[in-house]
Amino acid sequence: MTISFENRVAIVTGAGGGLGRAYALELARRGAKVVVNDLGGSRDGTGHSNAALKVVEEIEAAGGTAMSNGGSVTEYDQMVEMVEAAKAKWGSVDILINNAGVLRDKSFAKMEPADFKFVVDVHLNGSANCTKAVWETMRAQNYGRVLMTASSTGLYGNFGQANYGAAKLGLAGLTKTLAIEGAKNNIKVNTIAPTAGTRMTEDLFPAEAFAAFAPEKVAPAALYLVSEDAPTNMIIGAGAGVFQAAYVTLTAGKLLTGDDLSPEGIAAHWDAITDRTGELTPQSGSEQSLSILKLLQAK
């Protein structure tokens, strides 16, 4: 089976380089018309360049179709304008890959509130802005594929990245709710947690590992997750050609009553509370309440 994006219109944010560029090039190669969005700034979010135009030129030189956009994901009105421009030119928007991002790494003790807010604004609020801008279009056409970009930092933590981690785990949570809300209109929403050698990570990888973690080795997962037959509500890790699934799970739990319904009871039954035997993978928040009710009914 060949996965094609013929007659599909895709927006990729942060597509002037790295992962976004790899996604845009491969989408175009497989037939999509692509909006290449990028401010073109440095990885801390400052400065501008013509990065998006260069990627458009690459796509067109290879026989594909693309347009550039320099709007900021932090400005909702600019994202609305981007969506309207794509619709005016090509009639629809079928795919959105939220990839734009910045880093302002410092330990939490040294991090200024402005740096925390800015990173959250770009990653989390920026992705929400882009998705909101395209959501009604996808609902009206009963088709949409949205990909959020999380990170192992968001899922598992990393020293010096409190702002980045908070934003990235927030994106996983945004995915889970939008996957539920979009289901009736055939809108599938997923999360990718990539590990790649890009300008965002160039000083974090040893030189020999940088090539092994090329963005092109992440792109297959991103494209599958926005394809017609994609799953929904998944978190997929990708790096160096290795692909993994991450889950938010819930243990079966332990019902405490009487004297055990106390901090001391929590301590005494900690092993049972945290026992992962038979753990659940809830598909919505209501399943936590349902699992509690089952324990109450079984007592």
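Residues numbered from 1 in each chain as written. Predicted model: local features only at pLDDT ≥ 70, side-chain atom pairs only at ≥ 80, totals over all residues. Heavy atoms only, no water.

Undergrad: Just checking my understanding: could you explain the overall build of the protein chain for this structure?
TA: Of regular secondary structure, the protein chain possesses 11 helices and 8 strands. Counting only C-alpha atoms and orienting by the principal axes, one finds that the protein chain spans roughly 70 × 45 × 35 Å. For the protein chain, buried positions account for 45% of its 299 residues. A fraction of 70% describes how many contacts in the protein chain between residues 6 or more apart in sequence connect residues 24 or more apart. As displayed, the protein chain offers around 14,900 Å² of accessible surface, 54% of which is attributable to carbon and sulfur atoms. (Helix = DSSP H or I, 4+ residues; strand = E, 2+ residues; numbered from the N terminus. Buried < 20%, exposed > 50% of the residue type's maximum accessible area, 1.4 Å probe, protein only. Contact = heavy atoms within 4.5 Å. Areas by Shrake-Rupley, 256 points an atom, 1.4 Å probe, with all protein chains shown as cover.)

Undergrad: Got a minute to help me understand the nonpolar core in this structure?
TA: Note that soluble globular proteins tend to have their nonpolar side chains buried in a common cluster. Tyr23, Leu27, Val34, Val36 and Ile192 are the most contacted members of the largest nonpolar core, which has 32 residues in total. At the level of secondary structure, the elements contributing two or more residues to this core comprise strand S1 (9–12), helix H1 (18–29), strand S2 (33–37), helix H2 (51–61), strand S4 (95–97), helix H8 (219–225) and strand S7 (235–239). When residues no more than four places from it in sequence are discounted, the contact partners of Ile192 are Tyr23, Leu147, Met148, Thr149, Ala150, Val218, Ala221, Ala222, Leu225, Ile236 and Ala238. Of all hydrophobic cores here, the second largest spans 30 residues; its members include Ile11, Met79, Val83 and Val119. (Core = buried A, V, L, I, M, F, W, Y, C linked by side-chain atoms within 4.5 Å.)

Undergrad: Please explain the side chain of Asp115 as it appears in this structure.
TA: Take Asp115: it is sitting in helix H4 (residues 113–141). Given a relative accessible area of 16%, Asp115 falls into the buried group. Among the polar contacts made by the side chain of Asp115, one reaches the side chain of Arg104 at a distance of 3.2 Å. Not counting the four nearest positions on each side in its chain, Asp115 is found in contact with Arg104, Lys106 and Asn163. (Polar contact = N/O pair within 3.5 Å; in protein donor to acceptor, adjacent residues only side chain to side chain.)

Undergrad: What exactly am I supposed to notice about the sheet that holds strand S8 (residues 242–246) here?
TA: Within a beta sheet, neighbouring strands are joined by backbone hydrogen bonds and run either parallel or antiparallel to one another. If you walk across this open sheet you meet the 8 strands as S3-S2-S1-S4-S5-S6-S7-S8, and the pairing is mixed. Two strands close off the open sheet at either side, each with one partner strand: strand S3 (65–69) and S8. Adjacent strand axes in the sheet meet at a mean angle of 20°, parallel and antiparallel pairs treated alike. Alignment of S4 against strand S5 (residues 144–149), held across 3 bridges, turns out to be parallel. Pairing of Leu96 across the sheet is with Val146, part of S5. Relative to S1, H1 is tilted by about 170°, and along the sheet it contacts S1, S2, S4 and strand S6 (187–194). Along the sheet, H2 makes contact with S2 and S3, crossing S3 at roughly 175°. (Pairing = 2+ DSSP bridges. Axes fitted to C-alpha atoms, helices over the stretch in contact; angles between N-to-C directions.)

Undergrad: Help me understand the packing of H1 against H2 in this model?
TA: Each pair of packed helices can be described by the angle between their axes along with the distance between the axes. Between H1 and H2, whose axes approach to 10 Å, the crossing angle comes to 25°. Overall, the two elements H1 and H2 adopt an arrangement that is roughly parallel. Seen from above, H1 lies across H2 with right-handed handedness. Side by side, H1 and H2 meet where Arg21, Ala24, Leu25 and Ala28 of the first sit next to Val55, Glu58 and Ile59 of the second. For the contact of H1 with H2, a count of residues per class yields 5 nonpolar, no polar and 2 charged. (Parallel < 35°, antiparallel > 145°, perpendicular 65-115°, else oblique. Left-handed = near helix turned anticlockwise from the far one by under 90°. Nonpolar A, V, L, I, M, F, W, Y, C, P; charged D, E, K, R; others polar.)

Undergrad: Sorry if this is basic, but what is going on with the packing of aromatic side chains here?
TA: Aromatic ring pairs are defined here through the distance separating the ring centres and the angle between the ring planes. Enumeration according to the criterion identifies 1 aromatic pair in this entry. A centroid spacing of 6.4 Å and a plane angle of 75° characterise the contact between Phe108 and Phe116, whose relative ring orientation is edge-to-face. Here the guanidinium or amino end of Arg145 rests over the ring plane of Tyr143, the centre of that ring lying 4.2 Å away. (Phe/Tyr/Trp six-rings, centres within 6.5 Å; stacked < 30°, edge-to-face > 60°. Lys NZ or Arg CZ within 6 Å of the ring centre and 35° of its normal.)

Undergrad: Looking at this structure, how should I read the confidence of the model for the protein chain?
TA: Confidence in the prediction of the protein chain, expressed as mean pLDDT, is 94, and 93% of residues score 70 or more. When mean pLDDT is taken per element in the protein chain, S4 scores highest with 99 and helix H7 (residues 207–212) scores lowest with 72. (pLDDT = per-residue confidence, 0-100.)

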